[in-house]
Amino acid sequence: MTILIELSQAVQAGNRGGVEELTNKALAQGMDAKTILDEGLISAMTIIGDKFSRNEIFVPEMLVAARAMNVGTELLKPHLIESGAEPLGQAVIGTIEGDMHDIGKNLVRMMIEGKGIDIVDLGVNVSPSAFVEHLKENPSCTLVCLSALLTTTLPKIPETIESITAAGLRNQVKIMIGGAPVTQEFANQVGADAYTPDAGSASIKAAELIAS
């Protein structure tokens, strides 16, 4: 069994200690940090996302795996920066204004990170203006992810999209929305570029949107 297969299995099992040990071991053997990231960590989270989408695992298992992956990515970051490895792209995520829920948002963020995307988390209760300011300060950011759990806060999604449009930034970004009360029909109505029902599909769609 190669070390990358072992690393992938450790991530899938949520074995943080194993991920730390195997990542350091791979680096000590002179393995390229990008290879470790792609073939050890990201491949593991792709498997986890697929299993989640098929209802073979559930949120707790997915969170545990994502946290284990983060142990590896933190170890790799200095090496990736040193080697000049570029992230797949840049994104921003936040729970919309008036909504304090973050479990789903956090899971989506970790899954998107697992695709090799640099994503900034603005947290919860994020105003439309905060998204606009982030985009102004970070012109390389090309994906906005809006999360909502409360039906009462859904109007903040089109308000945020309208604010981004009014600031003249709509053409530079794709907007993806999700959360319990969100539907594809709603996404069509508010002019979002994508809607995804779960974190696994969100990470796949995020990679597609950034690459397009």
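Quick summary incoming for the structure in this document. (Residues numbered from 1 in each chain as written. Predicted model: local features only at pLDDT ≥ 70, side-chain atom pairs only at ≥ 80, totals over all residues. Heavy atoms only, no water.)

1. Here we look at the sheet that holds strand β3 (residues 141–147)
Thought 1: Read across the open sheet, the five strands follow the order β2-β1-β3-β4-β5; overall the sheet is parallel. Edge strands, defined here as strands with exactly one partner in the open sheet, are β2 (118–121) and β5 (194–195).
Thought 2: Pairing of β3 with strand β4 (residues 174–178) involves five bridges; the strand directions are parallel. Within β4, the position partnered with V144 by the bridge is I175.
Thought 3: Packed on one face of the sheet, helix α6 (residues 128–137) meets β1 (90–95), β2 and β3 and runs near 165° to β3.
Thought 4: Where helix α7 (residues 156–166) meets the sheet, it contacts β3 and β4, and its direction lies at approximately 160° from that of β3. (Pairing = 2+ DSSP bridges. Helix = DSSP H or I, 4+ residues; strand = E, 2+ residues; numbered from the N terminus. Contact = heavy atoms within 4.5 Å. Axes fitted to C-alpha atoms, helices over the stretch in contact; angles between N-to-C directions.)

2. A look at the packing of helix α2 (residues 16–28) against helix α4 (residues 59–83)
Thought 1: It is the contact of α2 with α4, at a shortest axis distance of 8 Å, that shows an interaxial angle of 25°. As the angle between them shows, α2 and α4 are arranged roughly parallel. The chirality of how α2 crosses α4 is right-handed. Within the contact between the two elements, α2 uses R16, V19, E20, T23, N24 and L27 and α4 uses R67, A68, V71, G72, L75, L76 and H79.
Thought 2: Across the contact of α2 with α4, the residue classes tally to six nonpolar, four polar and three charged. (Parallel < 35°, antiparallel > 145°, perpendicular 65-115°, else oblique. Left-handed = near helix turned anticlockwise from the far one by under 90°. Nonpolar A, V, L, I, M, F, W, Y, C, P; charged D, E, K, R; others polar.)

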